[in-house]
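In case you want the letters, here they are:
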Amino acid sequence: MAANVETLEQVQAVTEKYKYGFVTDIETETAPKGLSEDIVRFISHKKNEPEWLLAWRLKAYRHWLTMPEPQWAHVDFPPLDYQDSYYYSAPKSKTDGPKSLEEVDPELLKTYEKLGIPLKEQEMLAGVAVDAVFDSVSVATTFKGKLEEQGIIFCPISEAVQNHPELVRQYLGSVVPAADNKHACLNSAVFTDGSFVYIPKGVRCPMELSTYFRINAANTGQFERTLIIADAGSYVSYLEGCTAPMRDEHQLHAAVVELVALDDAEIKYSTVQNWYPGDENGVGGIYNFVTKRGACRGHNSKISWTQVETGSAITWKYPSCILQGDNSVGEFYSVAITNNMQQADTGTKMIHLGKNTRSRIVSKGISAGRSQQTYRGLVKISPKAQGARNHTQCDSLLIGDLCGAHTVPYIECRNRGAVVEHEATTSKISEDQLFYCRQRGISQEDAVALVVNGFCREVLQQLPMEFAVEAQKLVGISLEGSVG
Amino acid sequence: MLEIKNLHATVGGKGILNGLDLTIGAGEVHAIMGPNGSGKSTLSYVLSGREGYEVTEGEVAYQGRNLLEMEPEERAGAGVFLAFQYPVEIPGVPNTTFLREAVNAVRKYKGAPTLDPMAFLKVLRAKIKELQVPDDLLKRAVNVGFSGGEKKRNEILQMALLDPSLAILDETDSGLDIDALKTVADGVNAMRAPDRSVLVITHYQRLLDYIVPDRVHVLAHGRIVRSGGKELALELEKTGYAGFTGEAA
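Residues numbered from 1 in each chain as written. Chains lettered and ligands numbered in written order. Predicted model: local features only at pLDDT ≥ 70, side-chain atom pairs only at ≥ 80, totals over all residues. Heavy atoms only, no water.

Here the focus is the overall build of chain B. Each helix and strand in chain B was counted, giving 10 helices and 12 strands. The C-alpha radius of gyration computed for chain B amounts to 18 Å, which stays within 12% of the reference 18 Å derived for 249 residues, consistent with globular compactness. Projected onto its principal axes, the C-alpha coordinates of chain B cover approximately 55 × 40 × 35 Å. Looking at chain B residue by residue over its 249 residues, the buried ones come to 55%. Pairs at least 24 apart in sequence give 69% of the contacts found in chain B among residues at least 6 apart. Of the roughly 10400 Å² of accessible surface on chain B, a fraction of 49% belongs to carbon and sulfur atoms. (Helix = DSSP H or I, 4+ residues; strand = E, 2+ residues; numbered from the N terminus. Rg over C-alpha atoms; globule rule 2.2 N^0.38 Å. Buried < 20%, exposed > 50% of the residue type's maximum accessible area, 1.4 Å probe, protein only. Contact = heavy atoms within 4.5 Å. Areas by Shrake-Rupley, 256 points an atom, 1.4 Å probe, with all protein chains shown as cover.)

Printed below as a string of structure tokens:
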């Protein structure tokens, strides 16, 4: 309850339309525009990668050339011109890269300060280790020492390729194969950086691991690659949050996140996504085409996705769970807010393979302005998933009469002993509620934020405390100007 | 405190109030009685500024200000409180959060510093004790799953917390058993003060046994057709509204 009790001050405190719309002036070292085998080789070379990884990238690139664009999502945008983008840019720094915060470009640190995440204070303040991704290169990692004591590896994936090649090689692409879909395939070919996490057997990660992603250089597609492995009996909670500067051109973001939970392991993955959504007329904004998937490989393992999606011009994202181990559990808690001209097609897939596997889906969609939002979900019960259970709750809230909410739940059940439940509601924000709040002195905008936060409460409660506060603020900001 | 002159209002193009005059002095309790459809609830919504209730003629002065020009939240900030006939449910929002948000919003209008959660909780605890509101009402979502009596008690609790100058009670007695009615009336009576006015809107005389009004008005066809002292309510109880509606037609 505490997190929600604090909602309102937070919502009130924030009044700016898009607080994080600024561009930092940092010289970037950039590969030439366009995409080719040479660019893939250039990236691999820049990263000083082993031969097997280059081969893996090239294979992905060649396959990508043959793949069609996914057309099934309920989103509409002009065809992407892949040759009109840059695929590599890195902040200029010494050849070895910064070894500590002191070596980090001061401009960069200023940017983080504007975002409210002063790295230097992170260590003292939040007890959160931050692996900060700025453009494509991870520039600072804190708390490493404390984590290393427990044998936890938390580092940029490029570093893991150098220092822990056996782990990367074993798990990279094992949950999301390079050829999974067009966007994931592109990522496999040109990913520049991202986070790598390994939690050893029986270790409970003592702090929330957190990465702030940020897109900065103009026209640079972002291809983050995240890989998290929770070994037997371990636990980790990972937070991902994003903000972006204001700009006109569309920017493609095609990230891949892979999670692997072994026997009795648990991974909690939380996202707050508030990238630039474009202006009121749909000009600019990020294309967020992300592939996130977790494999519950071990018995009694658990993967829980929580997402708060308020940003991006277009969101195409289905964090999923493959419930392979017996008694494994998958969860998906989602709040998606679209306003103005935003489009979102998001949901989850729960693939039940093991016995007595359980999954729970709670999706809250809020559409305002002229936005279009789709929940798209798949619950698949395989013949061997004896005793599998799923419960899906899917609620849509409409604000105004020009937006759209769509629900597309697929259920494939091939086991007679399985129980699959689906509940869905669609409602409009009610005049009665708004008037009741206003009669008590609460302004129209605060009333909307209050009612919508109530609507999302079940999901927001799943977030770690520090994220819940930010998420509640975002709910208010994202819906400013949507009523009245 | 409140001066209504020749008020005409329409809802969906239909005339509901047709030249209503009413003056309430500071510290006075007035009751408006009338049959269904006489315009009682419309009056409360017009005074609180609900959308869709259009004033076509007349004026309303509240503490010397033109009330009709103000937004609903400004009116609340200036001390106009409406206890709803049908309090609205807000799922997922804890009652405590809602109450604090409301109190702080009104404090801002008054230029008072807002209360932090701990300070507010102290104020709230004192009030619920005074009004005998059960603890669990605070933890539950606003009005969700509340019984009729609980909803009305919650309205009175809000009134006590917001400390209004003009309280309008719209059929606060409807749906209450006799015990709940007494508690609610006690809450209202405890708030009677020289600088606070109360407008009680009701069908029945019953509530006025507990909240004794200074003046009673009969509303029919959108106008006050008769005014008198508290004994007028008793007379109405005997004769019914028939005579008045006929008179006004």
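Here the narrative resumes, following the displayed structure.
Residue and element names in this part refer to chain B. Because side chains alternate across strand β6 (residues 80-83), one face comprises the buried residues Val80 and Leu82, and the other comprises Phe81 and Ala83, equally buried. Summarising the sheet, β6 and strand β9 (residues 166-170) pair through four bridges and their orientation is parallel. Within β9, the position partnered with Ala83 by the bridge is Leu169. (Pairing = 2+ DSSP bridges.)

The nonpolar side chains of a soluble globular protein tend to be buried with one another. All names here are of chain A. Of all hydrophobic cores here, the largest spans 111 residues; its most connected members are Ile366 and Val452. Of the residues forming this core, the biggest block, nine residues, is contributed by helix α12 (residues 444-460). Residue contacts for Val452: discarding those within four places in its chain leaves Ile366, Leu397, Ile399, Ile429, Val475 and Leu479. If you look at the next biggest cluster of nonpolar residues, it comprises 51 residues, including Tyr88, Tyr198, Tyr287 and Ala313. (Core = buried A, V, L, I, M, F, W, Y, C linked by side-chain atoms within 4.5 Å.)

Here the focus is unusual backbone geometry. A positive phi is found at Ser312(A), a non-glycine position, where the angle reads about 70 degrees. Of note in the backbone geometry, Asp163(B) takes a positive phi value of approximately 50 degrees without being a glycine. One can find Asp163(B) in the loop between α6 (148-162) and β9.

This next bit is on the packing of aromatic side chains. Given two aromatic rings, one states the distance between the centres and the angle between the planes to describe the pair. Residue and element names in this part refer to chain A. Evaluated as defined, the whole model comprises 18 aromatic pairs over all chains. Taking the centre distance of 6.1 Å and the plane angle of 25 degrees together, the rings of Tyr61 and Trp64 count as stacked. Within this pair, Tyr61 and its partner Trp64 are both found in helix α4 (residues 51-66), separated by three residues, close to a single helical turn. When sorted by exposure, Tyr61 lands in the same class as Trp64, which is buried. Residue placement shows Arg204 over the ring face of Tyr235; its charged tip is 4.0 Å from the ring centre. Above the ring of Phe191, the side-chain terminus of Arg225 is found at 5.9 Å from the ring centroid. (Phe/Tyr/Trp six-rings, centres within 6.5 Å; stacked < 30°, edge-to-face > 60°. Lys NZ or Arg CZ within 6 Å of the ring centre and 35° of its normal.)

A few words now on the interface of chain B and chain A. On the chain A side, the residues contacting the 37 residues of chain B number 25 residues. Both sides of the chain B and chain A interface together cover about 2700 Å² of buried area, and 58% of this is carbon and sulfur. Ranking the residues of chain B by area buried against chain A places Arg50(B), Glu73(B) and Glu101(B) at the top, with a combined share of 22%. Note that Arg438(A) and Glu51(B) form a salt bridge whose closest N and O atoms lie 4.0 Å from each other. (Buried area = accessible area lost by both parts, 1.4 Å probe. Salt bridge = Lys/Arg side-chain N within 4 Å of Asp/Glu carboxyl O.)

Let's shift gears to helix α7 (residues 178-190) of chain B. Residues and elements named next belong to chain B. Compared with the 18 Å implied by 1.5 Å per residue over 13 residues, the 18 Å span of α7 between its first and last C-alpha is a close match. Of the surrounding elements, those touching the buried residues of α7 are α4 (117-131), α6, β9, β10 (197-202) and α8 (206-210). Sitting at the amino-terminal end of α7 is Asp177, which places a side-chain oxygen 3.2 Å from the backbone nitrogen of Asp179. (Expected span 1.5 Å × (residues − 1). Polar contact = N/O pair within 3.5 Å; in protein donor to acceptor, adjacent residues only side chain to side chain.)

Below, the discussion takes up the packing of α12(A) against helix α13 (residues 465-478) of chain A. Helix packing for two helices is described by the angle between their axes and how far apart those axes are. Residue and element names in this part refer to chain A. Relative orientation of the contacting elements α12 and α13 amounts to 145 degrees, with a least axis distance of 9 Å. Here the hand of the crossing between α12 and α13 comes out right-handed. Touching Ala449, Val452, Asn453 and Leu460 of α12 are Ala468, Ala471, Gln472, Val475 and Gly476, all from α13. Taken together, the residues of the contact of α12 with α13 sort by class into six nonpolar, three polar and no charged. (Axes fitted to C-alpha atoms, helices over the stretch in contact; angles between N-to-C directions. Left-handed = near helix turned anticlockwise from the far one by under 90°. Nonpolar A, V, L, I, M, F, W, Y, C, P; charged D, E, K, R; others polar.)

Moving on to the pattern of salt bridges. Where side chains of opposite charge bring their charged atoms close, a pairing between them can arise. The tally for this structure, following the rule as stated, stands at 28 salt bridges over all chains. Across the pair Lys33(A) and Asp84(A) runs a salt bridge whose closest N-O atoms are separated by 2.9 Å. Note that Lys33(A) is positioned in the loop between β1 (28-30) and α3 (37-46) and Asp84(A) in the loop between α4 and β2 (89-91), a separation of 51 residues in sequence. Residue classification places Asp84(A) among the partly exposed residues on the basis of a relative accessible area of 36%. Here Asp135(B) makes a salt bridge to Arg125(B), at a shortest N to O gap of 3.1 Å. Here the residue Asp135(B) occupies a position in the loop between α4 and α5 (136-139), and Arg125(B) occupies one in helix α4, the gap between them amounting to 10 residues. When its relative accessible area of 41% is taken as the criterion, Arg125(B) is described as partly exposed. Among the charged side chains, a network of salt bridges with common partners joins Arg360(A), Lys364(A), Asp395(A) and Glu458(A).

Time to look at the confidence of the model for chain A. Caution applies to low-pLDDT parts of the model: their predicted coordinates are not meant to be read in detail. Residues and elements named next belong to chain A. Per-residue confidence for chain A gives a mean pLDDT of 82, with 78% of residues at or over 70. Taken as a whole, residues 1-25 scores under 50 in pLDDT and shows 73 contacts with residues more than four places along the chain or in a different chain. A low-confidence stretch, residues 132-141 stays under pLDDT 50, and its non-local contacts, those more than four residues away or across chains, total 58 contacts. (pLDDT = per-residue confidence, 0-100.)

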